[in-house]
Amino acid sequence: MSDGNGIWVVDFGGQYNQLIARRVREANVYAEIVPYEKCMERLAEAGAHPSGIIFTGGPNSVYEDGAPGLPASFFELGIPVLGICYGAQLMAQVLGGKVVSPDFKEYGRVRIYRGPGSGPGNDTSSILFDGIDLSDAYCWMSHTDYIERVPEGFAVTSRTDNCPTASLEDAARGLYGVQFHPEVHHTPFGQQLLRNFLYNACGCTGDWTMANFAKQKVAEIRETVKGRKVLCALSGGVDSSVAAVLTHEAIGDNLTCFFVDHGLLRKDEGDQVMEVYGRRFNMKIHRVNAADRFLSKLKGVTEPERKRKIIGEEFIRVFEEESRRLAAEEGGIDFLLQGTIYPDVVESGGGGGGAAVIKSHHNVGGLPDDMDLQLLEPLRLLFKDEVRAVGEELGIAPELVWRQPFPGPGLAIRCLGEVTEDKLKIIRESDAILREEIDAYNEALFKKLGARRYEGTTEEEKAVWQYFTVLPDIRSVGVMGDARTYDYAVGVRAVCSVDGMTSDWARLPYDVLETIAGRIVNEVPGVNRVLYDLTNKPPGTIEWE
Ligand code: XMP
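Residues numbered from 1 in each chain as written. Predicted model: local features only at pLDDT ≥ 70, side-chain atom pairs only at ≥ 80, totals over all residues. Heavy atoms only, no water.

*Asks:* Hey, could you go over the pairing of strand E2 (residues 31-35) for me, with residue numbers and the actual values?
*Replies:* The buried fraction of E2 is high, at four of five residues. Sheet topology note: the strand E1 (residues 7-11)/E2 ladder contains five bridges and is parallel. By the bridge assignment for E2, Trp 8 is matched with Glu 32. For the handedness criterion, the β-α-β arrangement of E1, helix H1 (residues 17-26) and E2 is classed as right-handed. (Buried < 20%, exposed > 50% of the residue type's maximum accessible area, 1.4 Å probe, protein only. Helix = DSSP H or I, 4+ residues; strand = E, 2+ residues; numbered from the N terminus. Pairing = 2+ DSSP bridges. Right-handed = clockwise from strand over helix to strand, strands pointing away.)

*Asks:* Hey, could you go over unusual backbone geometry for me, with residue numbers and the actual values?
*Replies:* With an omega of -15°, the peptide bond between Lys 537 and Pro 538 qualifies as cis. With respect to the element layout, Pro 538 can be found in the segment after strand E21 (527-532). A positive phi angle, near 65°, is found at Asp 268, a position not held by glycine. For Asp 268, the location among the structural elements is in the loop between strand E13 (255-261) and helix H7 (269-280). Given a relative accessible area of 53%, Asp 268 falls into the exposed group. Non-glycine residue Asp 482 carries a positive phi angle of around 70°. Checked against the element boundaries, Asp 482 lands in the loop between strand E18 (475-480) and strand E19 (483-496).

*Asks:* I'd like to hear about H7, residue by residue, with values.
*Replies:* End to end, H7 covers 15 Å across twelve residues, agreeing with the expected 16 Å (1.5 Å per residue, within 8%). Against the buried residues of H7 lie helix H6 (238-251), E13, strand E14 (284-289) and helix H12 (398-401). (Expected span 1.5 Å × (residues − 1). Contact = heavy atoms within 4.5 Å.)

*Asks:* Please provide a residue-by-residue account of the pattern of salt bridges, values included.
*Replies:* A complete count under the given rule lists 33 salt bridges for this structure. Between Glu 436 and Arg 519 there is a salt bridge; the shortest N-O distance is 3.0 Å. Here the residue Glu 436 occupies a position in helix H13 (residues 421-449), and Arg 519 occupies one in helix H14 (residues 510-523), the gap between them amounting to 83 residues. What makes Glu 436 partly exposed here is its relative accessible area of 49%. Residues participating in the shared-partner salt-bridge network are Glu 436, Glu 437, Arg 519 and Glu 523. (Salt bridge = Lys/Arg side-chain N within 4 Å of Asp/Glu carboxyl O.)

Geometric values such as these leave the question of function open.
Shown next, in the form of structure tokens:
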């Protein structure tokens, strides 16, 4: 990275810390999240200075007892700082300004004006607002306190009707602050403002691209592995697939993948994984056909958590057996490759670069104690959208790189009650029909919006994010060709979401729903009724079990 150590996003407990880091990376500058407690310690490490620092917002008031803070000396290091919301207030207070708690709170989309004083104006020169026209502009506010008086040396560069300091800067010292949130889409000039900070204030060049990342990682993996052997549990999901293709590019046949087919996959999924990664990418993959093993363990089990537990444990058993067999046949294995990505690292407390708590892989869940494998996690620094971009750089087909999430326990948690081969068949067939129809609907929508893929922005949130069928284990009476039927009902789940944490049921057009229901009833034997799930999350979860 020629942009030094990139940008640190110093976390004061704001809800947008990951979003800020993503926005910086969208401007092609590397960003990492550093908890504020670790900031001084990290700065003391030789050569660890970042090109710039962004303070996030946070839930506290700067004058509260025990509110998170940093010493005044921090601002004398010569590193450009951009404080956002709480971050701006903290900087102002530490440097001698005044932060107060006014009677009103400002929340939502708010008209913003350039410069201090009353009435609109565009007269104050500013590095942050370079090239940004505020003559008819809005920003996103969410605060209870504001900066009433800026510290000496600072100029007020914008305001709102209720907030006298919407932004402040002291360009000579490289210190900047904004009361609003430039990282959210509701501040339309926000990305330009962040770019001004990164390029004009911090002197970044913008060399963080996924092409550079892939090239650098391949060299790094080669250097780390040095001809030794790496093992990977490939699920066919985006993260493990991109990690495997990247590593294969670096070390070729020194990478061995296991693909455990637990018999709970979607229609043709197992064959597709083998075709793409085995044949097209020419990777060494062992397909372990363990469907019978999993189904016999699940026999008679109806309780959802038991199902999940059985599948997780059985997966580890298969993985253990296969890795031991491989070690016996081919000699020692030194590394285990995992598709850990940055949100996993941040959520498990590793964002500070200290000793990271390593989360066990969703699909592996645990490792044989006596195997003593080193972990290889080449995607540890990347957000999901960056992982997809690396996948595209490596030549993985868009339909695989952009695939919807699929749970580790597979169709077992979409088959309510006991899991049987007959019921799985109904889910597989109906799910394939649903996917065909919604994929076509999504494609048409992307075309209309001029969007490349599902990217989670406001307009595109209308696209369906995850969609599948479930078998609720109920049968009902119907009539087909003058004869009475007594068959299964299939549930259709289709949701709009950004990250799966919350979701809305998808407002699919009636004609799309009609086609889906008609095709499922006509084409899937054993089904005579189709139900559409109208539950949001919360209170429902996306999966039914
Ligand atoms: P829920 O059902 O909790 O799901 O609303 C949220 C998202 O997580 C996925 N999901 C899983 N993914 N292993 C996974 O890798 C699992 O056990 C699992 N359970 C749920 C679900 O598909 C949705 O996208």
